[in-house]
Amino acid sequence: MIAPIMGTFFGVSLCFLLFMEPMRHCLLAGSTHLALLVNVGLAIALFFSSYWVVGILLLLDVYFFEMNKYQYAKSNMDASVELVNMAVNLNQSFHLMLIVACFGMILTQACVLLWWAALLVSVVSKENVTGSILLALLFLSFLYLINNFFRTLLGAVVGGSYLWLFIRDQRGPPCHFRYIVRQVLLYVNSCTTASIGSICKAAILVPPCQAILSATAHLEFRVRSYSTHQSKCSGVMIHTLIYLLQTYFEPYAKHYPRLALFYVSVYGHSLNKAARVVEEKSGSGLQVLSLESTGSLFDNLTYSIACLVSVVLLIIAEHEDDEESLGPYWPLFFALCFFLSHASVSVSVQGFCSSTDALILSFAEKPELFEEKNAILYHRWLRINEIEMA
């Protein structure tokens, strides 16, 4: 039960460090290296346990996806840091109101996760081994829904607020504190009442769809960048994966992009209508620009911190009572702690992910205003968008 508390503490601490400019660059630059080291270490540990199949799958994931993400993130590190700097600077326009709203949603999820963990422990302890595993899988599916709901809700509020900074009437008077408070509360109220159906639908569909789009784009980037350096067998496997993703999964995944969330909160659109608006405004260019955002870097930070928290809890559990050692069940304990801590950390950094994604939509909505605020990113994205739309 301590995993949600530790995850929330480290997640909020990470957000505090990201607001400090010197620490921000160090954390973003080292996130991918840290995630690779954690992945390899965890795969080796699992390989020498009874769950060696999971270790092999993790190593394959590192080879086909994580190494490619590392190269992509390295080539776009300066743009990613500049994007986060822009998001942090724009956050001052909200006079801490947006931070207070995010903190309230983070604490709400922490309380729900504590209730979830207490219920899981009380139910599983009364069942046999087989029943306990089945109940644990059922509860993990509920955890997935709980975490994605709060991440989607927080992302819609934060992203909608950032998008509103660009689409509002710039000729009007400057935004005062009372007006900012009313606007943020309006988005919170809209997402939890009128648009709650779209938020719940997005919580279920957007994460897997975005994972498919991201995997396809990163594999294509690997083919373009390393086609002359990879073996024939590796090239055939990667081309096969790209074909399967593009043929059977990508057409459906494009109906639920994560950028559509912000139109749900700002305009009150349904998720399907918001996705159509994104497609009309961007075509394929905006989807490519979404890879320019810092989502993968924050995912790496979240993954690494959740693994480190789980390792600490595993060490404490092993040394607390030597007579009741976890033994061969340590991977299950580690997985449960990881899922709980990952849920807590991920919702904490969701605000940064959504704010950078919202800036991409702001580039499409108000390019002239975006150029005034950051000419470097404007010309970079304009060049990428023209290449993709050609």
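Residues numbered from 1 in each chain as written. Predicted model: local features only at pLDDT ≥ 70, side-chain atom pairs only at ≥ 80, totals over all residues. Heavy atoms only, no water.

A. Local environment of the overall build of the protein. When you go through the protein residue by residue, the secondary structure sums to 16 helices and 0 strands. The 390 residues of the protein split such that 51% are buried. Partitioning the intrachain contacts of the protein with sequence separation of at least 6 by distance along the chain shows that 80% fall at a separation of at least 24. Element-wise, carbon and sulfur atoms account for 68% of the exposed surface of the protein, whose accessible area totals about 19000 Å². (Helix = DSSP H or I, 4+ residues; strand = E, 2+ residues; numbered from the N terminus. Buried < 20%, exposed > 50% of the residue type's maximum accessible area, 1.4 Å probe, protein only. Contact = heavy atoms within 4.5 Å. Areas by Shrake-Rupley, 256 points an atom, 1.4 Å probe, with all protein chains shown as cover.)

B. View of the packing of aromatic side chains. A full pass over the atoms with the stated rule returns 17 aromatic pairs. Between tyrosine 303 and phenylalanine 338, the aromatic rings sit 5.6 Å apart at their centres with planes inclined by 75°, giving edge-to-face as the arrangement. With a gap of 35 residues between them, tyrosine 303 in helix H13 (residues 295-320) and phenylalanine 338 in helix H14 (residues 330-365) connect regions that are remote in the sequence. A cation over an aromatic ring shows up here: arginine 168 above the ring of tryptophan 164, its NZ or CZ 5.7 Å from the ring centre. (Phe/Tyr/Trp six-rings, centres within 6.5 Å; stacked < 30°, edge-to-face > 60°. Lys NZ or Arg CZ within 6 Å of the ring centre and 35° of its normal.)

C. Broad picture of the nonpolar core. By size, the foremost hydrophobic cluster in this structure holds 95 residues, and its most contacted members are Trp116, Tyr162, Phe166, Phe298, Leu359 and Phe370. With 14 residues, helix H6 (residues 129-167) is the largest single contributor of residues to this core. Excluding its chain neighbours within four sequence positions, the residues that come into contact with leucine 359 are Leu83, Met86, Ala87, Leu90, Tyr162, Phe166, Phe370 and Trp381. In this structure, Val38, Ala43, Tyr303 and Trp330 belong to the second largest nonpolar core, which totals 13 residues. (Core = buried A, V, L, I, M, F, W, Y, C linked by side-chain atoms within 4.5 Å.)

D. Here's a closer look at H14. Taking 1.5 Å of rise per residue, the 36 residues of H14 would be expected to cover 52 Å, and the 50 Å separating its terminal C-alpha atoms lies within 8% of that figure. A bend of about 40° at valine 349 is the largest found in H14. Of all the 36 residues making up H14, 29 are buried; the element is thus mostly covered by neighbouring parts of the structure. (Expected span 1.5 Å × (residues − 1). Bend = angle between axes of the 7 residues up to and from the residue.)

E. Summary view of the packing of helix H2 (residues 21-47) against helix H4 (residues 77-91). Between H2 and H4, the least distance of the axes is 10 Å, while the angle of their chain directions is 140°. On the basis of the axis angle, H2 is oblique to H4. When you trace H2 past H4, the crossing you get is right-handed. Together, Arg24, His25, Leu28 and Ala29 of H2 and Met77, Val81, Val84, Asn85 and Val88 of H4 make up the contact between the two elements. (Axes fitted to C-alpha atoms, helices over the stretch in contact; angles between N-to-C directions. Parallel < 35°, antiparallel > 145°, perpendicular 65-115°, else oblique. Left-handed = near helix turned anticlockwise from the far one by under 90°.)

F. Fine view of unusual backbone geometry. Positive phi, close to 55°, is recorded for histidine 95, a residue that is not glycine. Of note, leucine 96 is a non-glycine position whose phi angle comes to about 70°, a positive value. Taking the relative accessible area as the measure of exposure, leucine 96 reaches 58% and is therefore exposed.

G. Representation of H2 in the model. The terminal C-alpha atoms of H2, which comprises 27 residues, lie 39 Å apart, in line with the 39 Å expected from a rise of 1.5 Å per residue. For H2, the principal kink sits at serine 31 and spans about 40°. When we look at burial in H2, the residues that qualify are Arg24, Leu27, Leu28, Ser31, Thr32, Ala35, Leu36, Val38, Asn39, Leu42, Ala43 and Leu46.

H. Summary view of the environment of glutamine 246. Here glutamine 246 shows up in helix H9 (residues 232-253). Along the sequence, glutamine 246 and threonine 216 sit 30 residues apart, while their C-alpha atoms lie 7.2 Å from each other. Apart from residues lying up to four places away in sequence, glutamine 246 is in contact with Thr216, Glu220 and Pro251.

I. Spotlight on the packing of H4 against H14. Two elements in contact, H4 and H14, have axes separated by 9 Å at closest approach and are oriented at 100°. Overall, the two elements H4 and H14 adopt an arrangement that is roughly perpendicular. Residues Leu83, Val84, Met86, Ala87, Val88 and Leu90 of H4 pack against Phe352, Ser355, Thr356 and Leu359 of H14.

J. Broad picture of the environment of cysteine 26. Tracing the sequence through the fold places cysteine 26 in helix H2. Residues cysteine 26 and valine 81, 55 residues apart in the sequence, show an inter-C-alpha distance of 9.9 Å.

K. How the structure looks around a nonpolar patch on the surface. A contiguous nonpolar patch, built from Val40, Ile44, Phe47, Phe48, Trp52, Val53, Ile56, Leu57, Leu59 and Leu60 and spanning about 940 Å² of accessible area, is present on the exposed surface. With respect to the helices, strands and loops of the structure, leucine 57 is situated in helix H3 (residues 52-75). Classification of leucine 57 as exposed rests on a relative accessible area of 53%. (Patch = residues over 30% accessible without salt bridge, like charges linked within 9 Å, V, L, I, M, F, W, Y side chains within 5 Å. Salt bridge = Lys/Arg side-chain N within 4 Å of Asp/Glu carboxyl O.)

L. Summary view of the side chain of asparagine 374. Summarising the element assignment, asparagine 374 is placed in the loop between helix H15 (367-373) and helix H16 (375-389). In this structure the side chain of asparagine 374 is engaged in a polar contact, spanning 3.3 Å, whose partner is the backbone nitrogen of isoleucine 376. Contact partners of asparagine 374, with chain neighbours within four places excluded, come to Glu82 and Met86. (Polar contact = N/O pair within 3.5 Å; in protein donor to acceptor, adjacent residues only side chain to side chain.)

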